[in-house]
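# Report on the structure
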Amino acid sequence: MSVTLVDDAAITKTATRNIRKTVLSNGLLVLTESMPHVRSVSMGAWVGSGSRDETAGVNGISHFVEHMVFKGTTSRSAQQIAREVDTIGGNLDAFTGKETVCFNIKVLDENVPPALDVLSDLVLHPTFAPDDVEREKGVILEEIKMDEDNPDYLVHEVWTQNFWKGDALGRPILGTVKTVSSFDQQTLLNFYAGQFTPRNMVFSAAGNLEHDAFVAQVEREFGSLAASGDAVPEKVDAPRATPHITLKRKKSLEQVQLCLGMPAPPVNDSRRYVVYLMNTMLGGGMSSRLFQTIREDRGLAYSIYSEMNPFRDTGSLCVYAGTSVDKTQEVLQLTLQELRRLKEETVSEVELKRAKDQLKSNMVIGLESSGSRMANLARQQMYFGRFSGVDEIMHEIEAVSTVEVQELAQELFKPETMALTLLGNLGTMKIEREDLAC
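Presented here is a report on the structure given in the accompanying data block.

Tallied over the entire structure, the rule returns eleven aromatic pairs. Between Phe203 and Phe222, the aromatic rings sit 5.1 Å apart at their centres with planes inclined by 55°, giving tilted as the arrangement. With Phe203 in strand β8 (residues 201-207) and Phe222 in helix α8 (residues 211-222), the pair connects residues that are 19 residues apart, well separated along the chain. Judged by its relative accessible area of 1%, Phe203 is buried. The class for Phe222 is buried, based on a relative accessible area of 0%. By way of ring pairs, the aromatic residues Phe103, Phe128, Tyr192 and Phe196 are connected into one cluster.

Pasting the structure below:
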């Protein structure tokens, strides 16, 4: 086995995390976190590009390839893959995002070798058989229809497409009816060859494992992944946000779906914990300002929340609500009122502490399973190139001040940069830019 061990600074040992990484001879980075107190092992092959790295003509191809690898390899049929995974009690899954694609499996520690064999086979040796391609087109076209019938999904999709207008970041992960219908075996093979390369992938694992022994197994399975001509696919430039007001009328809906958002810092911004805390206070839980004001005090909505969508070079912060048409403008104005309060009034130390405790708890609880640790390893490597221990993250959260929250609110909450999408039976409703004053 030919491997290159990364310098000792890459080995992180704290009271809670034991992380190591090794680069294989072909350039594939292998990350592990030992969790000797559990009996499971979760592992994932991560591709460092997603739907925003596609050209317009093949929008949705990352997601299509994610589906197709399960349809058969050079040595296994789709049914064989399913049977082998069920035989070892494994949980095999995959997902496609704007910037990553992940293929993962979780098994008992004693079943790592057969699980790794199946996972590597479907990632490295898919056939993209023409008959399977045609069948899967039908499946994904139905998935597109299903999502379009989901108002919550649809309002976010319309908002995103108009906010990142003309940019790949705004295009749907699933693609469109036109692009998906155009895919064939050669299109998939060409795309696969350009993206599934060692230097554009990370293999991460967490659970009851020993790093060196596990790396030896990964080398046997993934060592055949050719490094020749292995350039990392070029990343697209950061898009420019487009403020917009979009009213999409759909008479069949009982509720109006509201999505109000604005640009926000990227995932690795130095102020990321400031914006996470501000989002928590604004609409991140049952004690948040939006939930208490709009649902509890006024009874205007059942679902109301805010969320962060950070990417490698940009981001957005969005508020979502579902309400009746006659209450829509009141919900919008109350939302803007809460944004204005964050700009004009310094939050109290008590409220900030509550948000800090909530955020810290969510992060620690989110790292309790081998699956979440496996994903956390890959994402930290891809976005930061280093690993933050729990204590370090806690310290950075605690360091956020009330003044920093207010300063960031003043920077982000500007009416001229905001985008609003309303979806529903809107009648004659009109919203102008001056209606977004905050």
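Moving on, we come to the side chain of Asn200. Its location among the elements puts Asn200 in the loop between α7 (185-195) and β8. Judged by its relative accessible area of 5%, Asn200 falls in the buried class. A polar side-chain atom of Asn200 sits 3.0 Å from the main-chain carbonyl oxygen of Gln195.

Before going further, it helps to examine the sheet that holds strand β13 (residues 419-424). Strands belonging to one sheet form pairs held by backbone hydrogen bonds; the direction of such a pair is parallel or antiparallel. Taking strand neighbours across the sheet as the criterion, the five strands line up as β9-β13-β10-β12-β11 in an open arrangement whose pairing is mixed. Two strands close off the open sheet at either side, each with one partner strand: β9 (245-249) and β11 (304-310). Between one strand axis and the next, the sheet turns through 15° on average, direction left out of account. Its contacts with the sheet place helix α5 (residues 151-163) against β9, β10 (256-263), β11, β12 (315-323) and β13, and it is angled at close to 35° to β10. Contacts from helix α11 (residues 328-344) reach β10, β12 and β13, with the element oriented near 25° to β10.

Before going further, it helps to spend a moment on the pattern of salt bridges. Scanning all chains against the criterion turns up 27 salt bridges. In this structure, the salt-bridge partner of Glu392 is Arg386, at a minimum N-O distance of 3.0 Å. A residue is classified by how much of its surface remains accessible, and Glu392, at 28% relative accessible area, is partly exposed. Connected via shared salt-bridge partners are Arg52, Asp53, Glu99, Arg312 and Asp313.

Cut-off values and rules
Residues numbered from 1 in each chain as written. Predicted model: local features only at pLDDT ≥ 70, side-chain atom pairs only at ≥ 80, totals over all residues. Heavy atoms only, no water. Phe/Tyr/Trp six-rings, centres within 6.5 Å; stacked < 30°, edge-to-face > 60°. Helix = DSSP H or I, 4+ residues; strand = E, 2+ residues; numbered from the N terminus. Buried < 20%, exposed > 50% of the residue type's maximum accessible area, 1.4 Å probe, protein only. Polar contact = N/O pair within 3.5 Å; in protein donor to acceptor, adjacent residues only side chain to side chain. Pairing = 2+ DSSP bridges. Axes fitted to C-alpha atoms, helices over the stretch in contact; angles between N-to-C directions. Contact = heavy atoms within 4.5 Å. Salt bridge = Lys/Arg side-chain N within 4 Å of Asp/Glu carboxyl O.

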